[in-house]
Amino acid sequence: MSSLSEKAEQIEENKNNISEVIQVENLKKRYKNVNALDGVSFSVEKGEVFGLLGPNGAGKTTIINILCTLSQLSSGQAYVNGYNINNQSAAVRRSIGLVFQETILDNHLTAEENLYLHAMLYGVSLKEYNQRKRELLKFCELWDKRKMKVETFSGGMRRRLELVRALIHWPQILFLDEPTIGLDPQTRKKIWDYIFTLRKKKNVTIFLTTQYLSEAENCDRIAILDHGTIVAVDSPENLKKMIGEDIIFFRTEDNQLAEKEFQKKFAKYPIKLIGKELRVKVDNGDKFLPVLVKAISPRIISMELRRPTLEDVFLEITGRKIRENNKKIEEETEEKFDLSSLFSIFSPFKKNNE
Amino acid sequence: MNKKIKTLYIIWYREILIYFRNTAKFFTSIFLPILILVVFGTGFKTMFSVSALGYDFVQFFFPGILGLSVSVMAISSTISAVWDREFGFLKEILVSPTSRSCIILGRILGATTTALIQGALILLIIPYLGIGFNKFLFIKTMLVIFLISYGMAALGIFFVSRLKKMESFSIISQIIFAPMAFLSGAFFPLSNAPSWMVKIANYNPLTYGIDALRWVILSGSLRKEEILIITSHPLLLCVIVLLIFNLVITFFSIRIFNKSIY
């Protein structure tokens, strides 16, 4: 008997010690005739900030919905915190916190009531709830506003409250679906500060989606998703290295002479005259700059060192810019029993958008 | 088990919180039935003389209006289910580790509670209507109101589980509820109605609900034979039918909700 329970304990322990908190193998999702996800595989390690980068409709939200058991997969395997998402969905749901793309809060209730309802649904004890509420609300600078109704909150405050709500049950993994969408740059930066401090403090794994390339740079590792498949997974630095060299643009008083001199001295680097500027591709841009200045005799008018950005990476891998693609894979499920469409012809009600 | 009850309580608590925050709805829900009762009832009373009927018109009319207004309240409270779906809050609940049937039961009980509150407030005017009433009858009436409003709330959840838009709700509630209300015997006694109407009314759970209300409320002021004239089913049958209806509709609304998630 005792050996059996020991074994069970060991298994339990193994589950807690796994280094890969999310494992996804060959995940597929079909909506009618569209392959929203076409064989996605990746894994996320404990404690890292993992970003899913892709244009609108690439399938980012679909992946999050599947991992959070809100949507069913068509085929493949996925484990979250060591639990299979197909048949251990309750255990999966207990180990995750989720901030949705759209703001979802009870507007007529106060910030505190929103948190209370959430904590109780997750079975947090009252004592723990009070303690965490204080800690998290103070951390996100909402403590003074806790008795206010959410409808009076600004966009940034709502997002922060959602972050607090997603954390109040101490999840192992925090899912953030476009956490900074629709926020001003200042608030956006603040949200990121919170996310990173949290990671350090609580050792929580963070899985997020974004379409902002500048934000993806903050992640430990990113996966680039395009047309329902993952085209690259690596750290932002490595991805940028994949494209290679730094680029130096410079202008001199005599570009032709400068080009000739350059070719003579640095034969291994390609140089090209583009418009009024010379473009050079080099390995180590910051160290090469002073060398270049000394090596060229015509007076230099301007000089610019450009590092490859994730935008360049995206461009290189998919062959187009991230913003070019706005084709949406419609996630519409079939129209179910909804009389409004049927009666809309003779309905006196005007649709009022709040 | 303990956890399930907690979930149920939290979902219920949320419904109640939202109900009380919405003060406008709270007051109109009480104002309207009283208005109908006082103006409509007094107006009708002048048409029928007491001697011809053997009972006061208000005594006939009051249980019907009470039954209908708690039903309307119960059904319209289920609008929060559509609201949650349209504004995404349903996802927040679904992603939590809770039992789905508890979510539904919590919702139904929340809507039932709002109806019970309204019913109790309407019952407060009973002394001014000349109907004999006491505490014991009050408790019995509340039990009947619970049976009616639970069934109507579950019916509401059953129909709204799949709705995605708010405007569909008012259409649904009118299409489903208006015929139920007119064929329930709340406005006229079914004993004198044509047989086709009686046949349909016999399949209407609200008919049994309103009969049950009449039996209980009027038991203090009218004799059994007098109540028999204005009701079409005995009390025991009414309670049994309501219980069975509530069980069946709960089962179906849980089923349709589970199916509608993905």
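Parameters and conventions
- Residues numbered from 1 in each chain as written.
- Chains lettered and ligands numbered in written order.
- Predicted model: local features only at pLDDT ≥ 70, side-chain atom pairs only at ≥ 80, totals over all residues.
- Heavy atoms only, no water.
- Helix = DSSP H or I, 4+ residues; strand = E, 2+ residues; numbered from the N terminus.
- Buried < 20%, exposed > 50% of the residue type's maximum accessible area, 1.4 Å probe, protein only.
- Contact = heavy atoms within 4.5 Å.
- Areas by Shrake-Rupley, 256 points an atom, 1.4 Å probe, with all protein chains shown as cover.
- Salt bridge = Lys/Arg side-chain N within 4 Å of Asp/Glu carboxyl O.
- Pairing = 2+ DSSP bridges.
- Phe/Tyr/Trp six-rings, centres within 6.5 Å; stacked < 30°, edge-to-face > 60°.
- Lys NZ or Arg CZ within 6 Å of the ring centre and 35° of its normal.
- Core = buried A, V, L, I, M, F, W, Y, C linked by side-chain atoms within 4.5 Å.

Draft legend 1. Spotlight on the overall build of chain A. Per the secondary structure count, chain A includes 13 helices and 14 strands. Across the 354 residues of chain A, 48% fall into the buried class. Pairs at least 24 apart in sequence give 70% of the contacts found in chain A among residues at least 6 apart. Carbon together with sulfur atoms contributes 48% to the accessible area of chain A, which is approximately 18400 Å² in total.

Draft legend 2. Geometry of the side chain of Ser77 of chain B. Tracing the chain through its elements places Ser77 of chain B in helix 4 (residues 57–77). For Ser77 of chain B, the residues in contact, after removing those within four places along its chain, are Glu15, Lys25, Ala111 and Thr114 of chain B.

Draft legend 3. Inspection of the interface of chain A and chain B at higher detail. Across the contact, 41 residues belong to chain A and 38 residues belong to chain B. On inspection of chain A and its partner chain B, the count reaches four salt bridges. For Arg21 of chain B, the salt bridge identified is with Glu113 of chain A, shortest N-O distance 2.8 Å. Broken down by secondary-structure element, the contributors of at least two residues to the side of chain A that touches chain B are helix 3 (89–95), strand 6 (96–99), helix 4 (111–121) and helix 13 (339–343) of chain A.

Draft legend 4. Geometry of the pairing of strand 12 (residues 271–274) of chain A. All names here are of chain A. Across four bridges, the pairing between strand 12 and strand 13 (residues 277–282) is antiparallel. Pairing of Ile271 across the sheet is with Val280, part of strand 13. Between strand 12 and strand 13, which pair antiparallel one after the other, the connecting turn spans two residues, and Gly275 there sits at a positive phi close to 60°.

Draft legend 5. Region of interest: the sheet that holds strand 2 (residues 34–45) of chain A. Spatial ordering of the open sheet is given by 2-1-4-5 (chain A), a layout of four strands whose pairing is antiparallel. The open sheet has two free edges, formed respectively by strand 2 and strand 5 (83–84) of chain A, since each of these has just one partner strand.

Draft legend 6. Looking closely at the packing of aromatic side chains. For the structure shown, the criterion picks out 20 aromatic pairs over all chains. A centroid spacing of 6.0 Å and a plane angle of 35° characterise the contact between Phe146 of chain B and Tyr150 of chain B, whose relative ring orientation is tilted. Of this pair, Phe146 of chain B and Tyr150 of chain B both sit in helix 8 (residues 135–160), four residues apart, which is roughly one turn of the helix. Lying across the ring of Trp143 of chain A, Arg146 of chain A places its NZ or CZ 3.9 Å from the centre. Over the face of the ring belonging to Tyr212 of chain A we find Arg188 of chain A, whose NZ or CZ atom lies 4.1 Å from the ring centre.

Draft legend 7. Fine view of the nonpolar core. By size, the foremost hydrophobic cluster in this structure holds 164 residues, and its most contacted members are Ile22, Phe42, Leu67, Phe175 and Phe207 of chain A together with Phe62 of chain B. Setting aside residues no more than four positions away along its own chain, Phe207 of chain A makes contact with Ile22, Phe42, Val44, Phe50, Leu52, Ile63, Ile64, Leu67, Leu174, Phe175 and Leu176 of chain A.

Draft legend 8. Up close: unusual backbone geometry. All names here are of chain A. Residue Thr69 is not a glycine yet carries a positive backbone phi of 65°. Mapped onto the secondary structure, Thr69 falls in the loop between helix 2 (60–67) and strand 4 (75–80). Look at Trp170: it is not a glycine, yet its phi comes out positive at around 50°. Turning to its location among the elements, Trp170 is positioned in the loop between helix 6 (155–167) and strand 7 (173–177). Assessed through its relative accessible area of 31%, Trp170 is described here as partly exposed.

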